[in-house]
Amino acid sequence: MLGLEPTTHYRESIDTPFPPILGRSGELDRLGVLVAGGRNGRGGALLIRGDPGIGKTALLDGATSAAQGVRVIRADGYEAESAMPYATLQRIGRPFAESLASIPPRQAAALRIAAGLDDGPPPDRYLVGLGMLSLLAAAGEVEPVVCVIDDAHLVDPESLEVLAFVARRLEAESIALLLGSRPDPRVDVVVAGMPVLHLGGLDALPAVELLNRSATSTIDPFLATQIAEETGGNPLALIDLAREFTARQLTASSVAQAPMPVGQRLETHYLREVEALPPGARVWLLVVAAESTGDPVLIGEAAARLGLAADAAADAERAGLASVRDAVVFRHPLVRAAVYNGMPDADRRRVHETLREVAADHGRADAAAWHAAAATLGTDEAVAHDLERVADAAGGRGGTASRARLLTRAAELTPEGPNRDARLLAAAEAAAAAGAAQLALDLLDRIDAERLDPVSLGRVLSLRTLLALFVADPAGIISGAAVMLRAADLFHGLVPELEQRTLVRAFELALTAEWAMEGTSLTELGHRLAAGAEVAGGPRAIALRALGAHILLPYEEAVPVMREAVTMLGESDDAQLLDLGHFGIALTMALWDERMCVELLERTAHAARDAGLLRDLDTTLWLLGLVELVRGDPAASARYIEQVRELRRAIGYDAEQVVNASYLAWAGAPTELIEQIAQAVLATGFAGAWTVAMTGLSIRAIAGGHYRDAFDRLQPMIDRPFVQVTYQQLPDYVEAGARSGKPAAVRAAADRLAGFAAASGTPWIRGVSERSIALLAPDDEAEPHYTAAIEHLGESTAPGELGRAHLVYGEWLRRSKRRREAREQLRLALGIFERVGAPAFADRARRELEATGERVARHAPGEADAAALTPQEATIARMAAEGQTNAEIGAALFISVNTVDYHLRKVFRKLEVTSRRQLSERFPGR
């Protein structure tokens, strides 16, 4: 870091009003409410966005100068720090170092590594975000805190992402976070979901008043109004135009209808003021502009080495262009722009070279490398090498975005050749890790693939394929498995671990594209996976052997090989489980071992949450939602979907785009809507997601008694089988065929399920196999199979399957005129369907019950209670009802303990309960 200290002060006054700022009373009131909320434990955040000179800095100063009874921390953005990871965050966090001991150890460790205080594995930026949220919340427990960050467009990307993450999670903490920024697309993307105050120009009356206050003589009202309109009410433009020109000159300018681009005109105005200064003062201003952070030590030493007089700053201060106190500050960023852009390029490079020497002498390698790059014209391998070392150091602290930026600049400084391509590839990989997919693709396009070695070419192919998922490139997705196989071939014999990792990814991409996969076949993939198992030992060898067996071997021969891999996953520690990925879902689903599938996913989610790996957590929660649908528990799926939404709100994604079409089918959404969603998904290459949606619609059709429709949906998917995906469709296919008069067509599917049951033997597969046999059996042979199905599924953790077993048995009993026994089974089925949130199956069970002569209520336990709560409140209420502590809930939802407590108090009040025991009665578990 550059060693800068944040501005920090504490205000005791409770009577001082906000200072008046002409025409900004409404904006000041909004900031006042936010600051007061932070003081009263109702924290929040706001981004103030405005053009140069519009007054955002003055507004921030005004809001915080009279902040009452709070501690104010200010840490503005600087260009020289913009490629130094967590530079701004370090300056914000330094005053709260005493609170580090009170936050979770892993979060504290991440903050220390990010700040460069400790060595360790690079922390994920979201773990740093969680740590910063915890640190600020802990500090707010001691005294209310207001954090102010102006010029956020100059803040390093890692700090900005963390600040945005914190801003989106502030709710019941004694923290207010204020950011000021010029309009900047990068900032807009990062702070998505954060409240924004768009600061426009002054209205006509206050603009005219400001113009007249600043002018040396009175300006005609009509002319003043016209000038206010031409400048867009920009306060700085009005003030400086009034000071620069006489009323007559302003009149002439207006009469001539000359355009007035505010930023350009002001910059030109400031440049004239700079040019009027003595040469020494101009060079001193250039040093300040090039250094950019206002560090008086660096500026002073550089000025001395350039031979400037000790009082070189005096003329600039007298002209009002800059001030020298604890830090050197320009009057306005446009002054810095005028100075820096207005000087000859040779002078700029000479000043940067001097600053490089000073920074190096002070042991600030990152600043030295930055200035060296700015001083270089053309290419310079030595400078590029130094910048690469700084980039690697940034990556070691978790600064992937800064690493990408630094490596990109290093590549620009590198002569054409292998080193340049290597740096571009490393920059692309860092950009992808930071979530900047388009930047990564642009960097890959600049690489000359013909001169790459095999390993580098394999890395390029792998990265392009993974980026296709980020940008939803259909061609890249459907050819992804084939491209990954080509990359694995390039790694063969050179990097065995990378070859095996790439082969596992090829299988995962095959599941994404499924039947739409191009460039390879499932059989070819299976043989390559099996061969890859032999190149090296270890967990991935076990995985590849199992995946190859899954694809190629008869089921009964594949089962023990797959079980070995699942056992390996179960015995892996959290770090290894995260590293191995999600291929275990395919194996556990193939083995019909839903219990182990959920266990592995829940462990992965816990490990990802603990490590702050929110992208991994997002994927894992999404997969848990899908698995719950396979188990027949849409209510549990909905809870995971809501957690995904909450997570995406935390990281700034559009939570409303979280749509699980299969869940919508279970929940009763219109068929046409689900088909439209499925077709849109298919158009992007995600054929696996299309299959999930179609399967959901077929199950909905079965629930509604539309068996022919279900059969017609399932038949094409059964005819193009795709390993375990098809396995899960077979029980529905059997029921649809049996109930639509096509028993012969589905008998082979029932036989196949029986083979699975014999080889795997889990309660789930034994239960659905017995149910399928019962549906096809003559009436005099069916009942033992129905009861066996219920017995086996009762031992499973698939509640929907158990409910369906009770349902079809109850229907069979009713048709057999055994109404009393039928009611018993149908009541059990209805209770399960209401509890798991399966309305179509619940309606079918009610109809059957009513057909036996029983009157049935139409509500589920907890249904009305959940309807009275917001989605977040309902999620927190269910988690509390399940026995989770506030700390566990907060960790799961990425909110503070204070926020959990705040929402629980609202839940208790809305539901009129006074204890968690009462809450658990309102939200019974599965």
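Anything mentioned here points back to the structure above.
Residues numbered from 1 in each chain as written. Predicted model: local features only at pLDDT ≥ 70, side-chain atom pairs only at ≥ 80, totals over all residues. Heavy atoms only, no water.

Draft legend 1. Local environment of the overall build of the protein chain. When its secondary structure is counted, the protein chain shows 50 helices and 8 strands. Taking 29 Å as the expected radius of gyration for a compact globule of 926 residues, we find that the protein chain reaches 33 Å, a close match to that expectation. Across its three principal axes, the protein chain shows a C-alpha extent of roughly 110 × 65 × 55 Å. Burial statistics for the protein chain: of 926 residues in total, 56% are counted as buried. In the protein chain, of all internal contacts separated by at least 6 residues, the share reaching a separation of at least 24 is 71%. Of the roughly 36700 Å² of accessible surface on the protein chain, 53% is carried by carbon and sulfur atoms. Taken as two groups, the 95 positive and 123 negative side-chain charges of the protein chain have centres that lie 4 Å from each other. (Helix = DSSP H or I, 4+ residues; strand = E, 2+ residues; numbered from the N terminus. Rg over C-alpha atoms; globule rule 2.2 N^0.38 Å. Buried < 20%, exposed > 50% of the residue type's maximum accessible area, 1.4 Å probe, protein only. Contact = heavy atoms within 4.5 Å. Areas by Shrake-Rupley, 256 points an atom, 1.4 Å probe, with all protein chains shown as cover. Lys, Arg positive; Asp, Glu negative; His and termini not counted. Charge placed at Lys NZ, Arg CZ, Asp CG, Glu CD.)

Draft legend 2. The side chain of Arg844, seen in detail. Secondary-structure assignment places Arg844 in helix α45 (residues 839–851). Side chain to side chain, Arg844 and Tyr707 meet in a polar contact 3.5 Å long. Other than its neighbours up to four places away in sequence, Arg844 contacts Ile702, Ala703, Tyr707, Glu735, Arg739, Leu807, Val808 and Glu811. (Polar contact = N/O pair within 3.5 Å; in protein donor to acceptor, adjacent residues only side chain to side chain.)

Draft legend 3. Layout of the packing of helix α13 (residues 279–291) against helix α14 (residues 296–305). The N-to-C vectors of α13 and α14 enclose an angle of 135°; their axes lie 10 Å apart at closest approach. Taken together, α13 and α14 sit at an angle that is classed as oblique. As α13 runs across α14, the sense of the crossing is right-handed. Judged by residue contacts, Trp284, Val287, Val288 and Glu291 of α13 engage Leu298, Ile299, Ala302 and Ala303 from α14. Here the residues of the contact of α13 with α14 sort into 7 nonpolar, no polar and 1 charged. (Axes fitted to C-alpha atoms, helices over the stretch in contact; angles between N-to-C directions. Parallel < 35°, antiparallel > 145°, perpendicular 65-115°, else oblique. Left-handed = near helix turned anticlockwise from the far one by under 90°. Nonpolar A, V, L, I, M, F, W, Y, C, P; charged D, E, K, R; others polar.)

Draft legend 4. Spatial organisation of helix α6 (residues 157–169). For α6, built from 13 residues, the straight-helix expectation of 18 Å at 1.5 Å per residue is met to within 8% by its first-to-last C-alpha distance of 19 Å. Most of α6 is tucked away, with 13 of its 13 residues classed as buried. (Expected span 1.5 Å × (residues − 1).)

Draft legend 5. Molecular detail of the nonpolar core. Within the largest apolar cluster, 138 residues are counted, with the highest numbers of intra-cluster contacts made by Leu525, Phe583 and Trp592. Leaving out residues up to four positions away in the same chain, Trp592 has contacts with Tyr555, Tyr727, Gln728, Pro731, Leu753, Phe756, Thr762, Trp764, Ile765 and Val768. (Core = buried A, V, L, I, M, F, W, Y, C linked by side-chain atoms within 4.5 Å.)

Draft legend 6. Structural context of the packing of helix α26 (residues 496–513) against helix α28 (residues 539–552). Here α26 crosses α28 at 35°, and the two axes come no closer than 10 Å. Like other packed secondary-structure pairs, α26 and α28 cross with a definite hand, here left-handed. For the pair α26 and α28, contact is made by Glu497, Gln500, Arg501, Leu503, Val504 and Phe507 and by Arg540, Ala541, Leu544, Leu547, His550 and Ile551, respectively. When the residues that make up the contact of α26 with α28 are grouped by side-chain class, the tally is 7 nonpolar, 2 polar and 3 charged.

Draft legend 7. Region of interest: the pairing of strand β4 (residues 145–149). Taken across its 5 residues, β4 has 5 buried, putting it largely inside the fold. Residues of β4 alternate between two faces, with Val145, Cys147 and Ile149 on one and Val146 and Val148 on the opposite face, all of them buried. Here 4 bridges tie strand β3 (residues 71–74) to β4, and the two strands are oriented parallel to one another. Looking at β4, one finds that Val72 is bridged to Val146. As defined by bridge partners, β4 adjoins strand β5 (residues 175–181) across 5 bridges and the pair is classed as parallel. Within β5, the residue paired with Cys147 across the bridge is Leu177. Handedness of the crossover joining β4 and β5 through α6: right-handed. (Pairing = 2+ DSSP bridges. Right-handed = clockwise from strand over helix to strand, strands pointing away.)

Scope: geometric values only; no functional claims are made or implied.
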